[in-house]
Amino acid sequence: MATGAPILLLLWLLWFPDLPPGAAGCPAACRCYSATVECGALRLRVVPPGIPPGTQTLFLQDNSIARLEPGVLAPLAALRRLYLHNNSLRALEPGAFRAQPRLLELALTGNRLRGLRVGAFAGLGQLRALYLAGNQLVQLLDFTFLHLPRLQELHLQENSIELLEDQALAGLSSLALLDLSRNQLGTISREALQPLASLQVLRLTENPWRCDCALHWLGAWIKEGGQRLLSSRDKKITCAEPPRLALQSLLDIAGSSLICIPPSVHVEPLEATASLGEDLRVACQASGYPQPLVTWRKVAQPREGQPRAQVRPEGGAPRAGGPGAPDTGSGMLFLSNITLAHAGKYECEASNAGGAARVPFRLLVNLSQQQPRPRAPPPPPPAGPAGHEPLQEAGSMAFRALGLATQTAVAAAIALLALTALLLAALICRRRRRRKKAPGPPGEGALFVNDYSDGPCSFAQLEELRGERGHEMFVIDRSKPLFAEGPTEAADGAATGPGPGPGLPLQPPAAYEIHC
């Protein structure tokens, strides 16, 4: 017996050696002993290579691991416990733990996980505890934990979960503890908790619960038999809204006070016509309490002998789910580069716990751009400077086909031309007014045609003038005497007779009537 003890000790050391850091068979800077490998707080960015295949417990906490490379855990088929808390994991690929069928405990607390894909935990049929607290999870989709039939503890506290779908916890028939405290849950459905046949502890505190008709079942369920699942602290489910019920305990509110307002929907317009290649936006406004969930769907054209069906949503307000995801309150149907396939009937649906409402919308597609009709030749452009191109009409198809920047430039050019034409017209009118008001040359305004109403005129009353353009003209000056006055000499004596001679007066000039 004494000789057998050293042999057993030697075998123990051979099978379970305590290897120092960096020893053969142990990753650099890690500590390996028995079936445990410790690589925590080493600022690792990836899972270190060289981990012994027989490792059963692996500590990788407090590092900077952002991604589990495919196949990096494949050699560790004997792994029982994996601690990856306080790292930088952002996503888990489907089947990331498929090679660990014996895993019992998985710690992913304190990472940056924003969502969990279906199949992320595939292959973990023996898992007992899953720690996902302190991440950035926003929603849990249907069948997320479907591959965990023996899971007993699920820790989801301290996330930002605001949506728990009805089948998110499907498959967790063995779950005994569910911690959903300190999230952003406003409501939870009865169907979401139905798969939890073995549930013993439920934590729902510190969520902004919306106490309406959708949460009526929870209060009744806790009063009837659910109290056994809640501790004295967990029973304090406090309402955050509506304002009249804020800060009150759900268990203290009468069921008649938990009300909902069915949604009402308004779509404007109910029918629209679009041309090929255009973009279209149609708004769907919904009201109700709680705020309705708005979804656009295109109604498939029913074939002969087949019922009418609905296809996937065509559009909606942008959310985390991407284009076409549901929206709350108001939804926008957005169709880009319209083709013939977009024509047909659409439906805007708004739903909340109080009911659902739908409004149809019809889209017609104009085929004129794809199959243009023959048109009469356009009239010749008006005479103008060489190189002048006709502007696009704002309502024409060619104008709508231009880009937004080109349309703006064309509109600005048209406005500039109109303004120039107005300025030119104003300048011409101003010059004409000045010409009318300016005083004319001397003699302007005198009579040029004599109608004999003011008597005859003579050469003495004519003045020679020149107009503005240098034309010679004669005008009448009535201020002058009819006959020019000539010099006269006084006779000292009587006249001796007619005839020229010294001392005799000049013969008076003859008057000639001149008709001007």
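If you check an unreviewed UniProt entry, the protein chain appears there as Leucine-rich repeat-containing protein 24 from Mustela putorius furo. According to the UniProt record, the Subcellular location (unreviewed entry) comment for the protein chain is "Membrane".

1. Quick look at the pattern of salt bridges
Under the defined criterion, the tally for this structure stands at nine salt bridges. Note that Arg 67 and Glu 69 form a salt bridge whose closest N and O atoms lie 2.6 Å from each other. On the accessibility criterion, Arg 67 (39% relative accessible area) is partly exposed. Among the residues examined, Glu 69 registers a relative accessible area of 39% and is labelled partly exposed. Where Arg 358 meets Glu 347, a salt bridge forms, and the shortest distance between an N and an O atom there is 4.0 Å. Placement of the pair is Arg 358 in strand β22 (residues 355–366) and Glu 347 in strand β21 (residues 344–352), with a sequence separation of eleven residues. We classify Arg 358 as partly exposed; its relative accessible area is 48%. Since its relative accessible area comes to 15%, Glu 347 is described here as buried. One salt-bridge network, held together by shared partners, links Arg 297, Glu 347, Glu 349 and Arg 358.

2. Concerning helix α3 (residues 216–224)
Since the α-helix advances by 3.6 residues per turn, residues separated by three or four positions end up pointing in the same direction. Among the residues making up α3, those that are buried are Trp 217, Leu 218, Gly 219 and Ile 222. Next to the buried residues of α3 lie α2 (190–193).

3. Notes on the nonpolar core
Counting 68 residues, the largest nonpolar core has Phe 121, Phe 145, Leu 154 and Leu 178 as its most contacted members. Elements with a contribution of two residues or more to this core: α2 and α3. When residues in this core are grouped by element, the largest group, three residues, is from α3. Once you skip the residues sitting within four places of it in the chain, Phe 121 turns out to touch Leu 92, Leu 106, Leu 108, Leu 116, Leu 130, Leu 132, Thr 144, Phe 145, His 147 and Leu 148. Residues Ala 272, Ala 274, Tyr 346 and Ala 350 belong to the second largest nonpolar core, which totals 22 residues.

4. Brief notes about the packing of aromatic side chains
Per the stated rule, a full pass over the model turns up five aromatic pairs. Between Phe 121 and Phe 145 the ring centres are 6.1 Å apart and the planes differ by 15 degrees, which places this aromatic pair in the stacked class. Here Phe 145 lies in the loop between β8 (139–140) and β9 (153–155) and Phe 121 lies in the loop between β6 (105–107) and β7 (129–131), a separation of 24 residues in the sequence. Note on accessibility: Phe 121 and Phe 145 belong to one class, buried. Relative to Phe 361, the ring of Trp 296 has its centre 6.2 Å away and its plane inclined at 85 degrees; by these criteria the two rings are edge-to-face. You can see Trp 296 sitting in strand β18 (residues 293–299) and its partner Phe 361 sitting in strand β22, a full 65 residues away along the chain. A residue is classified by how much of its surface remains accessible, and Phe 361, at 0% relative accessible area, is buried. Feature note: the residues Trp 296, Tyr 346 and Phe 361 constitute an aromatic cluster, connected by ring pairs.

5. Looking at a nonpolar patch on the surface
Residues Val 118, Phe 143 and Leu 146 make up a contiguous nonpolar surface patch of about 250 Å² in total accessible area. Looking at the secondary structure, you find Val 118 in the loop between β6 and β7. By relative accessible area, which is 46% here, Val 118 ends up partly exposed.

6. Regarding unusual backbone geometry
Cis rather than trans, the peptide bond between Glu 241 and Pro 242 has omega equal to 0 degrees. For Pro 242, the location among the structural elements is in the loop between β14 (239–241) and β15 (261–268). With omega at -5 degrees, the peptide bond leading from Tyr 289 into Pro 290 counts as cis. The phi torsion at Ser 34 lies on the positive side, around 50 degrees, for a residue other than glycine. In this fold, Ser 34 is placed in the loop between β2 (31–33) and β3 (36–38). In this structure, Ala 41 is a non-glycine residue whose phi angle is positive, near 55 degrees. Following the sequence through the fold, Ala 41 ends up in the loop between β3 and β4 (57–59). Residue classification places Ala 41 among the exposed positions, given a relative accessible area of 54%.

7. Points about the state of the cysteines
What makes a disulfide is a covalent bond joining the sulfur atoms belonging to two cysteines. Scanning the model with the defined rule gives five disulfides in all. The side chain of Cys 211 participates in a disulfide bridge whose partner is Cys 239; the two sulfur atoms lie 1.8 Å from each other. Here the disulfide of Cys 211 and Cys 239 is left-handed, its torsion about the S-S bond being about -90 degrees. Pair noted here: Cys 211 is in the loop between β13 (209–210) and α3 and Cys 239 is in strand β14, with a separation of 28 residues, a long-range link. The residues Cys 211 and Cys 239 share a single accessibility class, namely buried. For Cys 284, the disulfide goes to Cys 348, at an S-S distance of 1.8 Å. In this structure, the disulfide formed by Cys 284 and Cys 348 twists by about -80 degrees around the S-S bond and is classed as left-handed. With Cys 284 in strand β17 (residues 280–289) and Cys 348 in strand β21, this residue pair connects regions lying 64 residues apart in the sequence. Assigned by exposure class, Cys 284 and Cys 348 land together as buried. Once the bonded cysteines of the protein chain are numbered in order along the sequence, the disulfide links fall as 1-3, 2-4, 5-7, 6-8, 9-10.

Definitions and limits used
Residues numbered from 1 in each chain as written. Predicted model: local features only at pLDDT ≥ 70, side-chain atom pairs only at ≥ 80, totals over all residues. Heavy atoms only, no water. UniProt positions renumbered as here; feature names shortened; annotations may be inferred. Salt bridge = Lys/Arg side-chain N within 4 Å of Asp/Glu carboxyl O. Buried < 20%, exposed > 50% of the residue type's maximum accessible area, 1.4 Å probe, protein only. Helix = DSSP H or I, 4+ residues; strand = E, 2+ residues; numbered from the N terminus. Contact = heavy atoms within 4.5 Å. Core = buried A, V, L, I, M, F, W, Y, C linked by side-chain atoms within 4.5 Å. Phe/Tyr/Trp six-rings, centres within 6.5 Å; stacked < 30°, edge-to-face > 60°. Patch = residues over 30% accessible without salt bridge, like charges linked within 9 Å, V, L, I, M, F, W, Y side chains within 5 Å. Areas by Shrake-Rupley, 256 points an atom, 1.4 Å probe, with all protein chains shown as cover. Disulfide = S-S within 2.5 Å.

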